[in-house]
Every structure is written in structure tokens, then in C-alpha cells.
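Examining the three-dimensional arrangement
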Amino acid sequence: MLRFAAPFTIALTLAACASTGVPAERTVAVTGSIAYGERIALPPTAEIEVRLDDVSLADAPANNMATQRFASEGKRVPFAFSLTVDRADIDPRHSYAVSARITDADGKLMFITDTRNSVTFGSGSTVDLGTLTLVKTH
């Protein structure tokens, strides 16, 4: 298993570098997965969006730091995500959080995170949030 971990980590690092145009040693990847408890299959056209936002200001809209969007393509949860941000854009005095949502092809909200998923940046190149749980909307 460890044989596969190193190439996977290298691939994620290279992907991070390619997607941001920032040298890999200056980036931080926020990783994890999203899931929901209901035993409901998503339509193949469902869209997943995961965002990393600076949520420091209570009276202002969140500042988006990174977003990942992809179609469910008929796959089941959990869905893995990786959001890459330039370390220079992280202010240690600020607060950061990840949120996720799933919409149908018409943009109607199906599932969403309903709790704050705070991100604490350290000196490492990856912050793993584990599995974020989404709730079904009406």
C-alpha cells in the first residue's frame, strides 16, 4: 500500500502545481471527501461544488480562495476533493472553511453542508478534513 502512496502524493502535488501555476513548495492542498447519509443515487448530471473560503468577516460575503466543480457521472458518494491554494494567500489572522453542495442539472440544490468545516493551516503541504457530511434539502 505504501508503494502506491508516494506516486499518488507526487501526482497530487504536480496537479496542484499545474492548476495554480504556483511552485508546489508554495502551495497547500486541502483534501477530503463528501458524502451524505441517505441511500439515494444521484442523477449522472448532478454537479458537485466544493469551496474553500476566507470567512473572517461576519458582515461581508466570504472571499473564495479555491473551488472544485465536477459532475457525478453516475458515481456514488463519497466523492474526493482537493483544493489548492498559494501559501502566500493565507493570512494566519483569518478564518477559513470548506463548504460543499450538490445540485441537479437545472441548478436545483439537492444536498449541502450545514455545519462549518474549519480549516487550520499549519506548516504542512496538505490539510486533510476527512469526510464532510452533506444534508438533503427539500
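Criteria and cut-off values
- Residues numbered from 1 in each chain as written.
- Predicted model: local features only at pLDDT ≥ 70, side-chain atom pairs only at ≥ 80, totals over all residues.
- Heavy atoms only, no water.
- Helix = DSSP H or I, 4+ residues; strand = E, 2+ residues; numbered from the N terminus.
- Buried < 20%, exposed > 50% of the residue type's maximum accessible area, 1.4 Å probe, protein only.
- Contact = heavy atoms within 4.5 Å.
- Areas by Shrake-Rupley, 256 points an atom, 1.4 Å probe, with all protein chains shown as cover.
- Core = buried A, V, L, I, M, F, W, Y, C linked by side-chain atoms within 4.5 Å.
- Polar contact = N/O pair within 3.5 Å; in protein donor to acceptor, adjacent residues only side chain to side chain.
- pLDDT = per-residue confidence, 0-100.
- Phe/Tyr/Trp six-rings, centres within 6.5 Å; stacked < 30°, edge-to-face > 60°.
- Pairing = 2+ DSSP bridges.

**Focus on the overall build of the chain**
- When you go through the chain residue by residue, the secondary structure sums to one helix and eight strands.
- Start at the N end of the chain and walk to the C end: the helices and strands fall as α-β-β-β-β-β-β-β-β.
- Of all 138 residues assigned to the chain, the portion counted as buried reaches 35%.
- Long-range pairs, those at least 24 residues apart, make up 65% of the contacts in the chain between residues at least 6 apart in sequence.
- Put simply, the chain shows about 8,500 Å² of open surface, and 55% of that area lies on carbon and sulfur atoms.

**Considering unusual backbone geometry**
- A cis amide bond links Val77 with the next residue in sequence, Pro78, at an omega value of 5°.
- In the Ramachandran plot, Glu73 falls in the positive-phi region, its phi being about 50° despite a non-glycine side chain.
- Locating Glu73 in the fold gives a position in the loop between β3 (63-71) and β4 (79-86).

**Focus: the nonpolar core**
- Among the nonpolar cores identified, the biggest contains 27 residues, and Ile34, Leu52, Val98, Ile102 and Phe121 are the most heavily contacted of them.
- Looking at this core, the elements that each hand over two or more residues are β1 (27-36), β2 (47-54), β3, β4, β5 (96-103), β6 (109-113) and β8 (126-136).
- If sequence neighbours within four positions are ignored, Ile102 has contacts with Ile34, Tyr36, Leu42, Ala46, Glu47, Ile48, Lys108, Leu109, Met110, Phe111 and Leu134.

**Things to note about the environment of Glu47**
- Inspection of the secondary structure assignment puts Glu47 in strand β2.
- We classify Glu47 as partly exposed; its relative accessible area is 35%.
- Along the sequence, Glu47 and Arg101 sit 54 residues apart, while their C-alpha atoms lie 8.2 Å from each other.
- Sequence-distant contacts of Glu47, that is, excluding residues within four places in its chain, are made with Phe70, Ala71, Arg101, Ile102 and Thr103.

**Structural notes on the environment of Thr137**
- Of note, Thr137 is situated in the segment after β8.
- Measuring from C-alpha to C-alpha, the distance between Thr137 and Met110 comes to 5.4 Å, with 27 residues separating the pair along the chain.
- For Thr137, the contacting residues outside a window of four places in its chain are Leu109, Met110, Phe111 and Ile112.
- At 2.7 Å, the side chain of Thr137 forms a polar contact with the backbone oxygen of Leu109.

**Observations concerning the confidence of the model for the chain**
- Scored by pLDDT, the chain has a mean of 87; 83% of the residues are at 70 or more.
- Residue range residues 1-18 is modelled with pLDDT below 50. Its contacts to residues more than four positions away, or to other chains, number seven contacts.

**Observations concerning the packing of aromatic side chains**
- For the coordinates displayed, the defined rule picks out three aromatic pairs.
- Measuring from ring centre to ring centre gives 5.4 Å for Tyr96 and Phe121, while their planes differ by 80°; the resulting arrangement is edge-to-face. Of the two residues, Tyr96 is situated in strand β5 and Phe121 in the loop between β7 (117-119) and β8; the sequence distance between them amounts to 25 residues. Like Phe121, Tyr96 is buried.

**Points about the pairing of β5**
- Taking burial as the measure, the eight residues of β5 include six buried ones, the bulk of the element.
- The pairing of β2 with β5 spans eight bridges and is classified as antiparallel. Counterpart to Glu47 in the pairing with β5 is Thr103.
- With three bridges joining them, β5 and β7 adopt antiparallel strand pairing. Within the sheet, the bridge partner assigned to Tyr96 lies in β7 and is Val119.

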